[in-house]
Amino acid sequence: MKKVIKLDTPPVFTSYAAVGGYEEGRSRIGDKLDLCDPGDSFGQKTHELAEGEMAKCALNIALSKAELSHEALGLIVAGDLQNQCIASALGLGSFGAPFLGVYGACSTATESLLLCSALISLGYTSLAAAVTSSHNSAAEKQFRTPLEYGGQRAPSAQWTSTASGAFILSSPFSDINAVYSAREKLSGSGSITHSAFISEFMIGKVVDGSTKDGSNMGGAMAFAAAESIISYFEETGYSPSDFDYIVTGDLGRVGKDILCDILESKIPAAAQRHTDCGLLLYDSERQDVHSGASGCGTSAALLSCHFLPLLERGDIKNILFLSTGALMSPSSILQGSNILGVAPAIRITSTKRDF
Amino acid sequence: MDFKTSEGKKALIKKHTPKTKWYKNCPFAFMFGGGICVGAELLERLYKSLGANEKLAATLVSVSLIFLASLLTALGIFDRIARYAGAGTLVPITGFANAITSEALDSRSEGFILGVGAKIFTVAGPVITYGLFSGVLYGIIYSVTNFFLRT
């Protein structure tokens, strides 16, 4: 069965933005975030509302960078880590656009981007937004122990990021140059020499992580990432050397080690190109994050702050982007189910834009 | 290693997952836990010197430790200490106080009845449930043995 879908008219990244909280503000991408709230509250009374507000901020900034009105949005696909995906609905419902709430645990960034690009290609709309958020406090409270609970975290545990990324995708027929010149007013003239497109996508399948340890989600997700990467290259016949990076979402130190161990024996070139957002976000020297970052905001923030600017400057041309999700619930863990992994993939390519 | 079988996956996870540093955690837990006990002992002597009898002094020490642990939890300091102290702050009554206060703080936004009232024992609940259960069990054993010892 064919799993990799090539998009004949690849949707283009029109605009994007990322916001974060305190730890993200002092992380490696701190100066590249569009907005940081050192209080993590975004002016809201609860952590749950703060996450919704954060997603709203991200989308508003992405729209205003491109001087687009929210009325132009034909679709919002969004997801977060909260029960019933409520942060996205509370934060983004007021935009008044058709809304799809999605849950893919930490794979939500890629999941929402691939759904947007599929629906744009189908002609559902010409302008759609993919928004992803995670909030450390809301997630800790829901999945683990109370925030102020005094416990020690395992060395393999990861730190859920407080971050949100919003991406506005459009069909390639839209007048993109007007948008680019609006954005260059902020980012500096000549900062966007290339257009970034989603040219392919592959929906991930659920892979058993063979562990019940909620402190080792990176390890559980590594197998899903490995299967996705291997089947992607098997099916397309591409060589990993055609890619600048193979980016995974939030495997962290443990997950990256397992993935590279597997890739070394199957496709060593892919192991060399591999990089992980969970290890790129925080500075482990200064920040007490153990095995690295997790949370669906991690890969969204890194894509917005790091990879897309590189693609639009033409510094890199071609990346395979897989956010990795650990599928589990507090009940499933207590009932003894294994943690499941999923790793959807998109290929993002950049080509020189026509002025 | 085969990454598609359950055994292979487990072996890979085991190979790459770092172990907890018990040689560092244990001495820290011993020092912090011991420190709390020394503090409690000093408090007991203080209360006694102020005129409290044995029983009252012991109760006052428990109340003081619970109050201090809850206060430090509410100020956001307790979890930072516990990051290093581990079992040192968890095992004494301070751990129990922290479990209750931290849960109360988290559920405050959901109201006093169904939030704080219902969820305050989420973490500490097992201690209460099985504490009561072992109390009942001990009571039964005590009564039965007493009955036979008397006859």
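Scope of this entry: the structure provided in the associated data block.

Rules behind the numbers
- Residues numbered from 1 in each chain as written.
- Chains lettered and ligands numbered in written order.
- Predicted model: local features only at pLDDT ≥ 70, side-chain atom pairs only at ≥ 80, totals over all residues.
- Heavy atoms only, no water.
- Helix = DSSP H or I, 4+ residues; strand = E, 2+ residues; numbered from the N terminus.
- Rg over C-alpha atoms; globule rule 2.2 N^0.38 Å.
- Buried < 20%, exposed > 50% of the residue type's maximum accessible area, 1.4 Å probe, protein only.
- Pairing = 2+ DSSP bridges.
- 1 Å grid on protein atoms, 1.4 Å probe; cavity = no way out; pocket = protein on both sides within 12 Å on 5 of 7 lines; lining within 4 Å.
- Points joined across faces, edges and corners; volume = space filled by probe spheres on them.
- Nonpolar A, V, L, I, M, F, W, Y, C, P; charged D, E, K, R; others polar.
- Expected span 1.5 Å × (residues − 1).
- Salt bridge = Lys/Arg side-chain N within 4 Å of Asp/Glu carboxyl O.
- Axes fitted to C-alpha atoms, helices over the stretch in contact; angles between N-to-C directions.
- Parallel < 35°, antiparallel > 145°, perpendicular 65-115°, else oblique.
- Left-handed = near helix turned anticlockwise from the far one by under 90°.
- Contact = heavy atoms within 4.5 Å.
- Buried area = accessible area lost by both parts, 1.4 Å probe.

**Comments concerning the overall build of chain A**
Argument step 1. Helix and strand content of chain A: 12 helices and 17 strands.
Argument step 2. On C-alpha atoms alone, chain A measures out to a radius of gyration of 19 Å, which is about the 20 Å that the 2.2 N^0.38 rule sets for 355 residues.
Argument step 3. The dimensions of chain A, computed from C-alpha atoms along their principal axes, are 55 × 50 × 35 Å.
Argument step 4. A total of 355 residues make up chain A; the buried ones form 62% of that total.

**Quick look at the pairing of strand S4 (residues 75-79) of chain A**
Residue and element names in this part refer to chain A.
Argument step 1. With respect to burial, S4 is a largely interior element, five of its five residues being buried.
Argument step 2. Burial along S4 is two-sided: Leu75, Val77 and Gly79 facing one way and Ile76 and Ala78 facing the other are all buried.
Argument step 3. Judged from the five bridges that link them, S4 and strand S6 (residues 127-134) form a sheet pairing that is parallel. If you follow glycine 79 over to S6, its bridge partner there is threonine 132.
Argument step 4. Judged from the three bridges that link them, S4 and strand S5 (residues 99-101) form a sheet pairing that is parallel.

**What to know about the layout of surface pockets**
Argument step 1. Size it by volume and the second largest pocket reaches roughly 500 Å³.
Argument step 2. Looking at the second largest pocket, it is lined by 15 residues, and the ones nearest its centre are Arg153 and His290 of chain A together with Lys21, Lys24 and Asn25 of chain B.
Argument step 3. Among the elements of the structure, helix H2 (22-49) and helix H4 (78-85) of chain B are those that each provide at least two residues to the lining of the second largest pocket.
Argument step 4. When the residues that make up the lining of the second largest pocket are grouped by side-chain class, the tally is five nonpolar, four polar and six charged.

**Some words on the sheet that holds strand S15 (residues 325-327) of chain A**
Argument step 1. Strand order in the open sheet formed by three strands is S10-S16-S15 (chain A), and the pairing between neighbours is antiparallel. Edge positions in the sheet fall to strand S10 (207-208) and S15 of chain A, since each of these pairs with one other strand and no more.

**Points about helix H2 (residues 47-65) of chain A**
Argument step 1. The terminal C-alpha atoms of H2 of chain A lie 27 Å apart, and with 19 residues this matches the ideal 27 Å at 1.5 Å per residue to within 8%.
Argument step 2. In the stretch just after H2 of chain A, glutamate 67 of chain A is the one whose phi turns positive, near 55°.

**Some words on the environment of arginine 150 of chain B**
Argument step 1. Mapped onto the fold, arginine 150 of chain B is located in helix H8 (residues 125-150).
Argument step 2. The class for arginine 150 of chain B is exposed, based on a relative accessible area of 69%.

**Considering the pattern of salt bridges**
Argument step 1. Across all of its chains, the model carries 19 salt bridges over all chains by this definition.
Argument step 2. Close ionic contact of glutamate 67 of chain A with lysine 185 of chain A constitutes a salt bridge, the shortest N to O distance being 3.1 Å. With glutamate 67 of chain A in the loop between H2 and S4 and lysine 185 of chain A in helix H6 (residues 176-187), the pair connects residues that are 118 residues apart, well separated along the chain.
Argument step 3. As a salt-bridge pair, lysine 141 of chain A and glutamate 110 of chain B come within 4.0 Å of each other at their nearest N and O atoms. In this pair, lysine 141 of chain A is assigned in helix H5 (residues 136-143) and glutamate 110 of chain B in the loop between helix H6 (93-107) and helix H7 (112-119), connecting two distinct chains.
Argument step 4. For lysine 141 of chain A, a relative accessible area of 18% gives the class buried.

**Notes on the packing of helix H8 (residues 252-266) of chain A against helix H1 (residues 6-16) of chain B**
Argument step 1. For the pair H8 of chain A and H1 of chain B, interaxial distance at closest approach is 9 Å and the crossing angle is 125°. For the element pair H8 of chain A / H1 of chain B, the angle class is oblique. Helix-helix and strand crossings are classified by hand; for H8 of chain A and H1 of chain B the assignment is right-handed. Within the contact between the two elements, H8 of chain A uses Val254, Asp257, Ile258, Asp261 and Ile262 of chain A and H1 of chain B uses Leu12, Ile13, Lys15 and His16 of chain B.
Argument step 2. Residues that form the contact of H8 of chain A with H1 of chain B fall into these classes: five nonpolar, one polar and three charged.

**Describing unusual backbone geometry**
All names here are of chain A.
Argument step 1. In this model, cysteine 85 sits at a positive phi of 55°, which is unusual for a non-glycine residue.
Argument step 2. Following the sequence through the fold, cysteine 85 ends up in the loop between S4 and helix H3 (86-92).
Argument step 3. Despite not being glycine, alanine 105 has its phi angle at roughly 50°, a positive value.
Argument step 4. If you trace the backbone, alanine 105 turns up in the loop between S5 and helix H4 (108-121).
Argument step 5. Residue classification places alanine 105 among the buried residues on the basis of a relative accessible area of 1%.

**Side note on empty space enclosed by the protein**
Argument step 1. Counted according to the given criterion, the structure contains one cavity of 30 Å³ or more.
Argument step 2. Of the residues in the lining of the largest cavity, the class split is nine nonpolar, three polar and one charged.

**Digging into the pairing of strand S2 (residues 12-20) of chain A**
All names here are of chain A.
Argument step 1. With nine of nine residues buried, S2 lies mostly within the body of the structure.
Argument step 2. Here S2 runs beside strand S8 (residues 163-170); their pairing, made up of eight bridges, is antiparallel. Each bridged residue has a counterpart across the sheet, and for glycine 20 the counterpart in S8 is alanine 163.

**A word on H4 of chain A**
Residue and element names in this part refer to chain A.
Argument step 1. Compared with an ideal rise of 1.5 Å per residue, which puts 14 residues at 20 Å, H4 spans 20 Å between its outermost C-alpha atoms and is within 8% of the ideal.
Argument step 2. Burial of H4 is extensive: 10 of the 14 residues sit out of reach of the surface.
Argument step 3. One or two positions beyond H4, positive phi appears at glycine 123, with a value near 90°.

**Considerations on the interface of chain A and chain B**
One frequent convention defines the size of an interface as the accessible area lost when the parts assemble.
Argument step 1. Taken together, the 29 residues of chain A in the interface contact 33 residues of chain B.
Argument step 2. Between chain A and chain B lies a buried interface of about 2,600 Å² when both sides are counted; carbon and sulfur atoms form 60% of it.
Argument step 3. Of all residues in chain A, Glu148, Tyr149 and Gln152 of chain A bury the most surface against chain B, accounting for 24% of the area lost on that side.
Argument step 4. Remark: the boundary between chain A and chain B carries three salt bridges.
Argument step 5. Elements with a minimum of two residues in the side of chain A that touches chain B: S10, helix H7 (217-236) and H8 of chain A.
Argument step 6. Ranked by residues supplied to the side of chain A that touches chain B, first place goes to H8 of chain A with six residues.
Argument step 7. When grouped by side-chain class, the residues that make up the side of chain A that touches chain B number 11 nonpolar, 10 polar and eight charged.

Read these as layout, nothing more, since geometry by itself doesn't imply function.
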